[in-house]
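Structure assessment
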Amino acid sequence: MIVTLVGFAFFFGLLLSRLGLPPMVGFLVAGFAYNLAGFETPEGLQLVADLGVTLLLFSIGLKLDLKGLAKVEIWGTSLAHIVVSTVFFTSVIWLAQQLIPLPLFDLSWMAMLVLGFALSFSSTVFAVKVLEDKGDMSAFYGKVAIGILVMQDVFAVLFLAVSEGKYPTVWAFLVFLLLLPVVRKLMFKLLDFAGHGELLVLSGLFFALGAGFEFFQAVGLKGDLGALILGVTIANHPKASELAKSLFSFKELMLVGFFLSVGLQGLPDVPMLLAAMVLCLLLPVKTLLYYAIVVRFGLRARTSLFTSLSLANFSEFGLIVAALGVTQGWLPVDWLIVVAIAVSISFAFASPFSLGSEGTYQRWKLFWDRFQRGSLHAKDQMLNTGDAKVLVVGMGRVGSGAYDELWPLWPGQVLGIEHNEEKANAECASGRNVKVGDATDTDFWNTIKASKEKELIVLAMPSHHSNVYAAQQIRHAGLSCHVVAIAKFAEEVQELQAMGVPSFNMYSEAGSGLARHALQAMQAREV
């Protein structure tokens, strides 16, 4: 049976991914289809699902930046939205209970609150996928969106811990006060010794499942909370990012079991499907709540809208909360199925809006700008390029090299622009003139137009999509300067040429450059 279930998961995951949706939607559908076919649930599937959730929490801990989460626009937005959104969805379900006499809505107040709480979350998986596709993971709005999602995950973990009655014993305090600092040093040493191969993977599994889950269970704390805390404990280790990547396949594989197990809970009927559809029709309200809250923290209208559209969906963590509600007897299993369907549909609804966020902003710019505060966040100000005549957009290896070659020709008038703040700071520390800016922002280019005329703009961003979009914005803004861009493939060169933008093919011209250097070396040797 396990082979059949894996086949279902692969087929539906592949099918839905080809339609532009996350594979997890396909896994949920696979569970329903497997159930509809009348096959028996394989033994051990629930264990695999539980392991997937534990590894997910450990991975979240590895990526937690406590300093970043302490920013008011992150924790303030997360807390305010969870409270307001929970009240909103709980009220909607209560109103449906009063108006629609169906057994599906025969719910207690506890059940409605759990549902409202579950529906208040947004999907980390979906947001990361969209941000990576757009190349905006390091953009300011991308960092804000990810920070909000991480805070939501932390709130969910705390709920999971309290809901199961796992209150700390006196031994738990000893863990935090005495053992954890000592254990942290020991774990750092073990990670240093583990190298970069299979021992590193095993160390992650041991920390998450052994030192985290089992040990915290033994002292009266929730095991999943232990996995999260152990992840946070080693998040500052130099190998934390490598460890998270090495565990990625294990975590994703185990989570397939969780999504399949949800689909195996039962089959949806017409009232369930309609309820899920109505919940998805309420997503614009959830999105506007995000916007209304984020913009109050001084973020620009564009930043606030892009952040909100990245979060305009329901979450896999909401599924985890709903599944716990079913386990605890607070929630009927029918509503777990409703939430699963709503999560799947919400991805289909949110994808085009998130990918078309720039068009949404430009089309209704006057409306969005109406809510923008007069005093903006310090990190969300429009960039002033000053007297710079040359702009190098994207300060990776190619951009940095171009900057160094252009500086002697325009001394003091070359400005590097990088949307990753950490990278921009590193470039400044090395002596280059670099500022933080987002070249995919239409307002950015309009500001450039209003400043002193530029002579040359070099588009050296790693994302071809970003370079093309920036070139389009330069043309739309009416800038008359020369524009060149990097490309990796022949079709990218052709696309840029069609726009009138000369390009540097990194692969083919790097080979030509290598050959020239080889010939020069031979000639010098002969002389």
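Cut-offs applied
Residues numbered from 1 in each chain as written. Predicted model: local features only at pLDDT ≥ 70, side-chain atom pairs only at ≥ 80, totals over all residues. Heavy atoms only, no water. Helix = DSSP H or I, 4+ residues; strand = E, 2+ residues; numbered from the N terminus. Expected span 1.5 Å × (residues − 1). Buried < 20%, exposed > 50% of the residue type's maximum accessible area, 1.4 Å probe, protein only. Pairing = 2+ DSSP bridges. Axes fitted to C-alpha atoms, helices over the stretch in contact; angles between N-to-C directions. Contact = heavy atoms within 4.5 Å. Right-handed = clockwise from strand over helix to strand, strands pointing away. Salt bridge = Lys/Arg side-chain N within 4 Å of Asp/Glu carboxyl O. Core = buried A, V, L, I, M, F, W, Y, C linked by side-chain atoms within 4.5 Å. Patch = residues over 30% accessible without salt bridge, like charges linked within 9 Å, V, L, I, M, F, W, Y side chains within 5 Å. Areas by Shrake-Rupley, 256 points an atom, 1.4 Å probe, with all protein chains shown as cover. Left-handed = near helix turned anticlockwise from the far one by under 90°. Nonpolar A, V, L, I, M, F, W, Y, C, P; charged D, E, K, R; others polar.

Observations regarding helix H16 (residues 316–327)
For H16, built from 12 residues, the straight-helix expectation of 16 Å at 1.5 Å per residue is met to within 8% by its first-to-last C-alpha distance of 17 Å. All of the buried residues along H16 are Glu316, Phe317, Gly318, Leu319, Ile320, Val321, Ala322, Ala323, Leu324 and Gly325. Looking at the residues trailing H16, positive phi occurs at glycine 329, about 85°.

Quick notes on the sheet that holds strand S6 (residues 503–505)
Ordered in space as S3-S2-S1-S4-S5-S6, the six strands form an open sheet in which the pairing is parallel. Only two strands of the sheet have a single neighbouring strand rather than two, namely strand S3 (434–436) and S6. Averaged over neighbouring strand pairs, the angle between their axes works out to 20° when direction is ignored. Across four bridges, strand S1 (residues 390–393) lies against strand S4 (residues 456–459) in parallel orientation. In the strand pairing of S4, leucine 391 is matched with isoleucine 457. Taken strand by strand, helix H24 (residues 490–498) contacts strand S5 (482–487) and S6, and its axis lies near 165° from that of S5.

Some remarks on the environment of alanine 70
As for its placement among the helices and strands, alanine 70 is situated in the loop between helix H4 (66–69) and helix H5 (72–99). Along the chain, alanine 70 and glutamine 497 lie 427 residues apart, while their C-alpha atoms are 46 Å from each other.

Points about the pairing of strand S2 (residues 414–418)
For S2, the tally of buried residues reaches five of five residues, placing the bulk of the element in the interior. Summarising the sheet, S1 and S2 pair through four bridges and their orientation is parallel. Bridged to valine 392 within S2 is glycine 416. Taken together, S1, helix H20 (residues 397–406) and S2 form a β-α-β motif whose crossover is right-handed. As judged from the three bridges shared by S2 and S3, these two strands associate in the parallel manner.

As for the side chain of threonine 86
Positionally, threonine 86 belongs in helix H5. Take threonine 86: its relative accessible area is 12%, and that puts it in the buried class. Excluding anything up to four places from it in sequence, threonine 86 contacts His81, Leu113, Gly116, Phe117 and Ser120.

Things to note about the pattern of salt bridges
Under the defined criterion, the tally for this structure stands at five salt bridges. The residue lysine 365 makes a salt bridge to aspartate 369 at a minimum N-O spacing of 2.7 Å. Pair noted here: lysine 365 and aspartate 369 are both in helix H19 (residues 365–369), with a separation of four residues, about one helical turn. Connected through shared salt-bridge partners, Asp404, Glu427 and Arg432 make up one network.

Thoughts on the nonpolar core
Within the largest apolar cluster, 111 residues are counted, with the highest numbers of intra-cluster contacts made by Phe58, Ile234, Phe258, Phe314, Leu319 and Trp335. In terms of residue count, helix H17 (residues 333–355) provides more of this core than any other element does, 12 residues in total.

Describing a nonpolar patch on the surface
Where nonpolar side chains cluster on the molecular surface, the patch consists of Trp94, Leu95, Leu99, Ile100, Leu102, Trp109 and Leu113 and spans about 690 Å² of accessible area. Within the secondary structure, tryptophan 109 is located in helix H6 (residues 109–119).

Digging into the packing of helix H3 (residues 45–62) against helix H12 (residues 240–263)
Two packed helices can be described by the angle between their axes and the distance between those axes. Two numbers describe how H3 lies on H12: the axes approach to 7 Å, and their chain directions differ by 145°. Crossing hand, H3 versus H12: left-handed. Facing H3, whose interface residues are Leu45, Gln46, Val48, Ala49, Leu51, Gly52, Val53, Leu55, Leu56, Phe58, Ser59 and Leu62, H12 presents Ala240, Leu243, Ala244, Leu247, Phe250, Lys251, Met254, Leu255, Gly257, Phe258 and Ser261. Classifying every residue of the contact of H3 with H12 by side-chain character gives 17 nonpolar, five polar and one charged.

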